[in-house]
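Observations on the three-dimensional arrangement
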Amino acid sequence: MTIYIIRRLIHVVLVLLIVSMMVFVLIRLLPGDPVEMSLTAGDMQSFSKEQVQELKHELGLDKPLPLQYIDWLKKALQGDLGKSILNRYDVREEIGKRLPISLHLGLLAFAIGFIVGPLLGVISAVRRGKWVDSLVTMIANLGITAPPFWVGMVLIYFLGLYLKILPMYGYTSPFVDFWKSMLQSIMPVFVLALFPIASAARMTRASVIEVMQQDYIRTAWAKGLSERVIIVRHALKNALMPVVTQQGTLLRNIIGGAVVVETVFFIPGIGGLMVSSMLSKDYTVVQGVILVMAIVTVVSNLIVDIIYGWLDPRIQYK
């Protein structure tokens, strides 16, 4: 296992390098000049070519692309992600302010999905063919097919605008005002958790039904064991292996999936930062945000592989 983890860590480094190079090149292929946008944003309605060249030299954007990437990579390895071209703030500090917001909402939604989804799936499988099964299946299908932005807007209209029982937008830290934070988090967390709940419920239902048809489960029934003992001690562990793999996919979406939700509910998280920086072609901010997302993704994959090996001792890592 130790050798496997070391190999995966080397793989993580290679993936991060490739992702950073691709983002570095692709963001610069978009139309528009962030330097000119920066000068325009500074109340300079007209500017000379000399001013543009001077600012590019200051930001290091007049160098060849390979040298720009090497300079950025050296600083990134030291923890320096540069400064925003448009607003001149420190990228690492800005990500540090916004990342906890996205993690708060994303991890809360993931925890809800991780608990509620498999629980609904088990109930649906055990009560297969009954009204509970039909209800869970219908809810799961709706949760998978409904676009998050549409669900968010529907919730804003009914719960915020029409019934006026929940705030329609914004974010407050639970350390500042816990009650207000909880009220503001209900709708975005529900939207973020809807797909994890639905997909986990469907996956768990299918997996439990398959496991319950195995010979060792029939043997347990023949021994006179109770349904609860059979499900908890014999069926659930084997049935949860594909669900754990799926949860790894959902775990790495706790930040990426927040882009739409944070835009709909005007939440100042890392997803909103990426959208605004993409629109303004703020190179350094986009590179920093996607680097953080890539780290979350590869670390999530590694954690899932380790947990999967613990659940199934038959897996041999070489």
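Everything below is about the structure printed above this text.
Below: a short report on this structure. (Residues numbered from 1 in each chain as written. Predicted model: local features only at pLDDT ≥ 70, side-chain atom pairs only at ≥ 80, totals over all residues. Heavy atoms only, no water.)

Scanning the protein from terminus to terminus reveals 15 helices and 0 strands. By sequence separation, contacts in the protein at least 24 residues apart represent 72% of the contacts at least 6 residues apart. Entry remark: accessible area of the protein is about 18200 Å², with carbon and sulfur atoms responsible for 68%. (Helix = DSSP H or I, 4+ residues; strand = E, 2+ residues; numbered from the N terminus. Contact = heavy atoms within 4.5 Å. Areas by Shrake-Rupley, 256 points an atom, 1.4 Å probe, with all protein chains shown as cover.)

All right, on to helix α6 (residues 131-145) then. The end-to-end C-alpha distance of α6, which contains 15 residues, comes to 21 Å, matching closely the 21 Å that a straight helix rising 1.5 Å per residue would cover. Along α6, the residues classified as buried are V132, D133, V136, A140 and G143. Taken down its axis, α6 places every buried residue within 100 degrees of arc, on the same side. When the buried face of α6 is taken as reference, the exposed residues oriented beyond 90 degrees from it are W131, L142 and T145. Looking at the buried residues of α6, the elements they touch are α5 (91-126) and α8 (178-211). (Expected span 1.5 Å × (residues − 1). Buried < 20%, exposed > 50% of the residue type's maximum accessible area, 1.4 Å probe, protein only. Arc of directions from axis to C-beta.)

Moving on: unusual backbone geometry. The backbone of K164 shows a phi angle near 55 degrees, a positive value even though the residue is not glycine. Position of K164 relative to the elements: it lies in the loop between α7 (148-162) and α8. Backbone geometry places F266, a non-glycine residue, at a positive phi of 50 degrees.

Bringing helix α10 (residues 227-239) into the picture now. The end-to-end C-alpha distance of α10 is 15 Å, clearly below the 18 Å that 13 residues give at a rise of 1.5 Å each. Helix geometry: α10 is bent most strongly at R233, by close to 30 degrees. Buried residues of α10: I230, I231, A235 and A239, and no others. (Bend = angle between axes of the 7 residues up to and from the residue.)

Quick look at the nonpolar core now. Counting residues in each nonpolar core, the largest one holds 19 residues, and the members touching the most others are V151, M187, V191 and F265. The leading source of residues in this core is α8, at 7 residues. Discounting chain neighbours no more than four positions away, the residues touching M187 are L155, I156, L159, L166, P167, M168 and F265. By size, the runner-up hydrophobic cluster in this structure holds 17 residues, among which are F24, I95, L99 and V292. (Core = buried A, V, L, I, M, F, W, Y, C linked by side-chain atoms within 4.5 Å.)

What follows deals with the pattern of salt bridges. Scanning all chains against the criterion turns up 2 salt bridges. A salt bridge links E94 to R98, with the shortest nitrogen-to-oxygen separation between them at 2.8 Å. Of this pair, E94 and R98 both sit in helix α5, 4 residues apart, which is roughly one turn of the helix. Summarising the burial analysis for this pair, E94 and R98 share the class buried. Between D133 and R205 there is a salt bridge, with the nearest N and O atoms lying 2.8 Å from each other. Of this pair, D133 sits in helix α6 while R205 sits in helix α8, and the two are 72 residues apart along the sequence. A relative accessible area of 5% places D133 in the buried class. (Salt bridge = Lys/Arg side-chain N within 4 Å of Asp/Glu carboxyl O.)

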